Amino acid sequence: MLGAFARTESNAIQPEDMVRQQDGGLMDEDEMLAFLDEVEGEFGITLHQPEQEAIATVEDLMDYLSALIAERLIADEDMV
């Protein structure tokens with residue numbers, strides 16, 4: 001999914017790559033916001049602005065999203 005929004009091959013993306021174009025990274029601000037919006041819809045999670053701003057690298061992004069998705073899955077299991 002990240003490769004599509006960054007308009008690059010997924011296998012070309014490395015954990016240490018910067019996410020934001022302003023930092024020499026993969027996506028401009030509009031692409032980043034569209035990606036995060038898509039992730040929210042796809043996984044049913046809510047991304048908070050302060051945490052979004054702290055994301056610098058692909059690894060930061062994946063760690064942040066993985067934690068939110070795991071929290072969501074745990075919450076879903078608790079409801080069952």
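Use the structure listed above.
Reading guide: rules and limits
Numbering of residues starts from 1 in each chain and follows the order in which that chain's sequence is written. In keeping with the predicted nature of the model, local features appear solely for residues at pLDDT of at least 70, side-chain atom pairs appear and are counted solely at 80 or more, and the whole-chain, interface and lining totals rest on all residues. For the side-chain quantities, the full set of heavy atoms in the structure was used; hydrogens and water were omitted. Counting from the N terminus, the helices are the DSSP runs of H or I reaching at least four residues and the strands are the DSSP runs of E reaching at least two. Each residue gets one of three labels from its accessible area relative to the maximum for its type: buried under 20%, exposed over 50%, partly exposed in between, using a 1.4 Å probe on protein chains only. As used in this structure description, the phrase polar contact means that two N or O atoms lie within 3.5 Å; if the pair is within protein, one of them must be able to donate a hydrogen and the other to accept it, and residues adjacent in sequence are counted only when both atoms belong to side chains. Should any heavy atoms of two residues lie within 4.5 Å, those residues are considered in contact. We call a set of buried Ala, Val, Leu, Ile, Met, Phe, Trp, Tyr and Cys residues a nonpolar core when their side-chain atoms join them within 4.5 Å. One speaks of a salt bridge when a side-chain nitrogen belonging to Lys or Arg is within 4 Å of a carboxyl oxygen belonging to Asp or Glu.

**Student:** Just checking my understanding: could you explain the side chain of Thr57 for this structure?
**Tutor:** Tracing the backbone shows Thr57 in the loop between helix 3 (49-54) and helix 4 (58-79). Exposure remark for Thr57: the relative accessible area of 17% places this residue in the buried category. Engagement of the side chain of Thr57 in a polar contact is seen with the backbone nitrogen of Asp60, the distance being 3.1 Å. In this structure Thr57 touches Pro15, Glu16, Asp17, Met18 and Val19, once residues within four positions along its chain are discounted.

**Student:** Sorry if this is basic, but what is going on with the nonpolar core here?
**Tutor:** Generally speaking, soluble globular proteins have nonpolar side chains that are buried together. With 17 residues, the main nonpolar core has Leu2, Val19, Met27, Phe35, Leu47, Leu61 and Leu65 as its most contacted residues. The element best represented in this core is helix 4, accounting for 5 residues. Setting aside anything within four residues of it in sequence, one finds Leu65 in contact with Phe35, Val39, Ile45 and Leu47.

**Student:** Whenever I open this one, the pattern of salt bridges confuses me. Can you help?
**Tutor:** When their charged atoms lie close together, side chains carrying opposite charge are able to pair. In total, this model carries 3 salt bridges according to the counting rule given. Glu31 serves as the salt-bridge partner of Arg7, at 3.2 Å between the closest nitrogen and oxygen. Of the two residues, Arg7 is situated in the loop between helix 1 (2-6) and helix 2 (29-43) and Glu31 in helix 2; the sequence distance between them amounts to 24 residues. Taking relative accessible area as the criterion, Arg7 reaches 70% and is therefore assigned exposed. When the shortest N-O distance is used, the salt bridge between Asp76 and Arg72 registers 3.1 Å. Here Asp76 and its partner Arg72 are both found in helix 4, 4 residues apart, which amounts to about one turn of the helix.

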